[in-house]
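Topology and contacts: notes
Here is what each chain is made of, one letter per residue.
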Amino acid sequence: MKATPDFDALFIAEYPRLVRVVAVVCGDAEAAADCVADAFERAYVRWRRVGRLDDPAGWVRRVAINRAIDSQRRRTSAARTLQRLAGRVETARPAELRWSDAAAFHDSELSSAVQHLSPQQRAVVALHYLDDMAVVDVASTLRLSEGAVKYHLHQARARLRTLLANPQTDTE
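So, a few notes on the structure that sits alongside this text. (Residues numbered from 1 in each chain as written. Predicted model: local features only at pLDDT ≥ 70, side-chain atom pairs only at ≥ 80, totals over all residues. Heavy atoms only, no water.)

Digging into helix H8 (residues 146-165)
Spacing of three or four residues puts side chains on the same side of an α-helix, whose turn is 3.6 residues. When the terminal C-alpha atoms of H8 are compared, their 28 Å separation across 20 residues agrees well with the 28 Å that a helix rising 1.5 Å per residue should span. For H8, every residue scored as buried is listed here: Val149, His152, Leu153, Ala156, Leu160 and Leu163. Along the axis of H8, the buried residues cluster in a sector spanning 100°; they form a single face. Within H8, the exposed residues directed more than 90 degrees away from the buried face are Arg161 and Ala165. (Helix = DSSP H or I, 4+ residues; strand = E, 2+ residues; numbered from the N terminus. Expected span 1.5 Å × (residues − 1). Buried < 20%, exposed > 50% of the residue type's maximum accessible area, 1.4 Å probe, protein only. Arc of directions from axis to C-beta.)

Take a look at the structure:
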């Protein structure tokens, strides 16, 4: 039987890194902190089971990423609905990232471009590049096939190349 890691130690070790990664997915460090806190709350409630997993941090990461993607979808859907109801033309404007860790993400042009990716693409980019996870680990975390992760990475890189080569490109 696997020894149960200490919840407090897991929280202290993983919380800051997870907030940085999830912020890329949802575009807002405060919303990311909420998603990660919610994931840790869920882990705490289920700690008898989660603490025995091979990778409790992976479980928390998956819950936080899924919550961020769901939240982003709800915000996008709500914004589109309000714009349709108001009869306004949609104008795309990326959410601005706010980072407390200066070493995490310096290039504001890149952070702005990342916000034009789909939530799924942002998730794989954040996990693969910021959290330095292998494709197989990203696939496991997001419950996708390795091929799907590679596809999303490929599409994200192509989109970022286009956006960064021509920052005035009108985005959807």
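Considerations on the nonpolar core
The biggest cluster of nonpolar side chains holds 47 residues, and the ones touching the most others in it are Val22, Val60 and Ile65. Looking at which element gives the most residues to this core, the answer is helix H1 (residues 7-26), with 10 residues. (Core = buried A, V, L, I, M, F, W, Y, C linked by side-chain atoms within 4.5 Å.)

Quick look at the packing of helix H6 (residues 119-130) against H8
One can describe the packing of H6 onto H8 by two numbers: an axis separation of 9 Å at closest approach and a directional angle of 100°. Classified by the angle between their axes, H6 and H8 sit roughly perpendicular to one another. Where H6 abuts H8, its residues Gln120, Gln121, Val124, Val125, His128 and Tyr129 lie against Val149, His152, Leu153, Gln155, Ala156 and Arg157. Here the residues of the contact of H6 with H8 are counted per class, giving 6 nonpolar, 5 polar and 1 charged. (Axes fitted to C-alpha atoms, helices over the stretch in contact; angles between N-to-C directions. Parallel < 35°, antiparallel > 145°, perpendicular 65-115°, else oblique. Contact = heavy atoms within 4.5 Å. Nonpolar A, V, L, I, M, F, W, Y, C, P; charged D, E, K, R; others polar.)

Just distances and angles here, no functional claims.
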